[in-house]
Amino acid sequence: EQPIARALQGLGTDYTEIAAPAAVGSMGCWVSVSGRPLRDDESGQVTGAVVTFRDISALRAAREHVAELALTDELTGLPNRRAFSSCLQRLVAEGGRGRNFALVLLDIDHFKRINDNYGHPVGDQVLVAVGRCLSGRVRSVDFVGRFGGEEFCMLYVDVDLERALGLAEEQRRNLQALTQPHRVTASFGVSASYGDHRPDADRLIALADAALYRAKREGRNRV
């Protein structure tokens, strides 16, 4: 399957990307390889091959960085809404096979007042601190992301609704305990996929969103 083997069989290869093994004490690299057979002018028999190699390690690293940026919120460094949607769709598919999970949406209470009274730089610091607080208190298998604006989202796997409500309450208390760069509270909405209750992704978001706004109507800083 290697370009040089294909070329000696009379087959051409255009720019195949191959991981080159590392020499002892060095890192491996990625190379772009192309190959062409050399033929005798009279008989047309393959007499050799020309194979070219180009180091594309930096190019691949740049591609991976761009792909990562597309799924990352620039301010907080958390996964963004696109990454959340992808993870939610995967969990919905797994839910069809019986896996339980829960979706949590939260909104920082009165965030506009922070921006208006202390300026957007402080507001940005608050968003970063909230993201760090949330992500520091979940398992590696769970998901924390920025949903947009002052809203964040979490996905807890292998939990039912009751357990998810307890986890959201723990996060609410954690945020309430934050003092730097500014004291904040947040309102939470929770929905879940478990047992015979298996909503699709849009319905799960709608249920959590409705619960979130109910929390706001009933006084904020609650689940």
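Fair warning: this is a prediction, and the values are worked out from it, not measured in the lab.

How each quantity is defined
- Residues numbered from 1 in each chain as written.
- Predicted model: local features only at pLDDT ≥ 70, side-chain atom pairs only at ≥ 80, totals over all residues.
- Heavy atoms only, no water.
- Helix = DSSP H or I, 4+ residues; strand = E, 2+ residues; numbered from the N terminus.
- Contact = heavy atoms within 4.5 Å.
- Polar contact = N/O pair within 3.5 Å; in protein donor to acceptor, adjacent residues only side chain to side chain.
- Core = buried A, V, L, I, M, F, W, Y, C linked by side-chain atoms within 4.5 Å.
- Buried < 20%, exposed > 50% of the residue type's maximum accessible area, 1.4 Å probe, protein only.
- Salt bridge = Lys/Arg side-chain N within 4 Å of Asp/Glu carboxyl O.
- Pairing = 2+ DSSP bridges.
- Axes fitted to C-alpha atoms, helices over the stretch in contact; angles between N-to-C directions.
- Phe/Tyr/Trp six-rings, centres within 6.5 Å; stacked < 30°, edge-to-face > 60°.
- Parallel < 35°, antiparallel > 145°, perpendicular 65-115°, else oblique.
- Nonpolar A, V, L, I, M, F, W, Y, C, P; charged D, E, K, R; others polar.
- Expected span 1.5 Å × (residues − 1).

Undergrad: Would you mind going over the environment of Pro-181 with me for this structure?
TA: Along the chain, the position of Pro-181 falls in the loop between helix 6 (161–176) and strand 7 (186–193). Linking Pro-181 and Val-126, residues 55 residues apart in sequence, is a C-alpha distance of 6.1 Å. With residues up to four places along the chain from it excluded, the contact list for Pro-181 reads Val-122, Gln-125, Val-126 and Ala-129.

Undergrad: Even after reading the chapter, I still don't get the side chain of Asn-80, so can you show me in this structure?
TA: Topologically, Asn-80 is positioned in the loop between helix 2 (57–70) and helix 3 (81–95). At a separation of 3.1 Å, a polar atom in the side chain of Asn-80 contacts the main-chain amide nitrogen of Arg-82. Here Asn-80 is in contact with Leu-69, Ala-70, Leu-71, Thr-72, Asp-73, Phe-143 and Arg-146, once residues within four sequence places are set aside.

Undergrad: It is not clear to me how the nonpolar core should be interpreted in this structure. Could you clarify?
TA: Looking at soluble globular proteins, one finds that nonpolar side chains tend to be buried together. Val-130 and Leu-175 are the most contacted members of the largest nonpolar core, which totals 27 residues. If you look at the next biggest cluster of nonpolar residues, it comprises 17 residues, including Leu-91, Phe-147, Val-157 and Leu-212.

Undergrad: Explain the pattern of salt bridges here, please?
TA: In a structure, side chains of opposite charge can pair up when their charged atoms sit close to one another. On inspection of all chains with the given rule, the structure shows 13 salt bridges. One salt bridge in this structure joins Asp-109 and Lys-216, with 3.9 Å as the shortest N-O distance. With Asp-109 in the loop between strand 4 (101–108) and helix 4 (111–118) and Lys-216 in helix 7 (residues 201–217), this residue pair connects regions lying 107 residues apart in the sequence. With a relative accessible area of 14%, Lys-216 lands in the buried category.

Undergrad: Explain the sheet that holds strand 4 to me, please; I cannot follow it from the model alone.
TA: Read across the sheet, four strands follow the order 5-6-4-7 without closing on themselves; strand pairing throughout is antiparallel. Each of the sheet's edge strands pairs with one partner strand only, and the pair in question is strand 5 (143–148) and strand 7. Shown here is a sheet whose adjacent strand axes are inclined to one another by a mean of 20°, direction ignored. With seven bridges joining them, strand 4 and strand 6 (residues 151–157) adopt antiparallel strand pairing. Looking across to strand 6, one finds that Val-104 is bridged to Met-154.

Undergrad: Looking at this structure, I do not really get the packing of aromatic side chains. What am I missing?
TA: For any two aromatic rings, the description comes down to two numbers: the centre-to-centre distance and the angle of the planes. This model, assessed by the stated rule, comprises two aromatic pairs. Ring centres of Phe-84 and Phe-143 lie 6.1 Å apart, and the angle between their planes is 45°; on these two criteria the pair is classed as tilted. Of this pair, Phe-84 sits in helix 3 while Phe-143 sits in strand 5; the two residues are 59 residues apart in sequence, bridging distant segments of the chain. The pair Phe-84 / Phe-143 is uniform in exposure class, with both members buried. Relative to Phe-147, the ring of Phe-84 lies with its centre 5.5 Å away and its plane at 85°, an arrangement referred to as edge-to-face.

Undergrad: Explain the sheet that holds strand 1 (residues 13–20) here, please?
TA: Sheet strands pair via backbone hydrogen bonds, and the direction of the pair is either parallel or antiparallel. Across the sheet, which stays open at both edges, the three strands sit in the order 1-2-3 with antiparallel pairing between neighbours. Bordering the open sheet on either side are strand 1 and strand 3 (46–55), each of which pairs with just one other strand. The sheet shows a mean angle of 30° between the axes of neighbouring strands, taken without regard to direction. The sheet contacts of helix 2 involve strand 1, strand 2 (29–39) and strand 3, and relative to strand 2 the element is tilted by about 130°.

Undergrad: Whenever I open this one, the packing of helix 3 against helix 7 confuses me. Can you help?
TA: Closest axis-to-axis distance for the helix 3/helix 7 pair is 10 Å, and the angle between their directions is 115°. Overall, the two elements helix 3 and helix 7 adopt an arrangement that is roughly perpendicular. Taken together, the residues of helix 7 that come into contact with helix 3 (itself represented by Phe-84, Leu-88, Gln-89 and Val-92) are Ala-201, Leu-204 and Ile-205. For the contact of helix 3 with helix 7, the residue count by class is six nonpolar, one polar and no charged.

Undergrad: What's the story with helix 3 in this structure? I'm lost.
TA: Residue pairs spaced three or four apart in an α-helix point in one direction, given the helix's 3.6 residues per turn. With 15 residues, helix 3 should cover 21 Å at 1.5 Å per step; its first-to-last C-alpha distance of 20 Å lies within 8% of that length. Those residues of helix 3 that are buried are in contact with strand 4, strand 5, strand 6 and helix 7. If you check the start of helix 3, you find a side-chain oxygen 3.1 Å away from the backbone N of Arg-82, and it comes from Asn-80.

In short, shape yes, function no, at least from these values alone.
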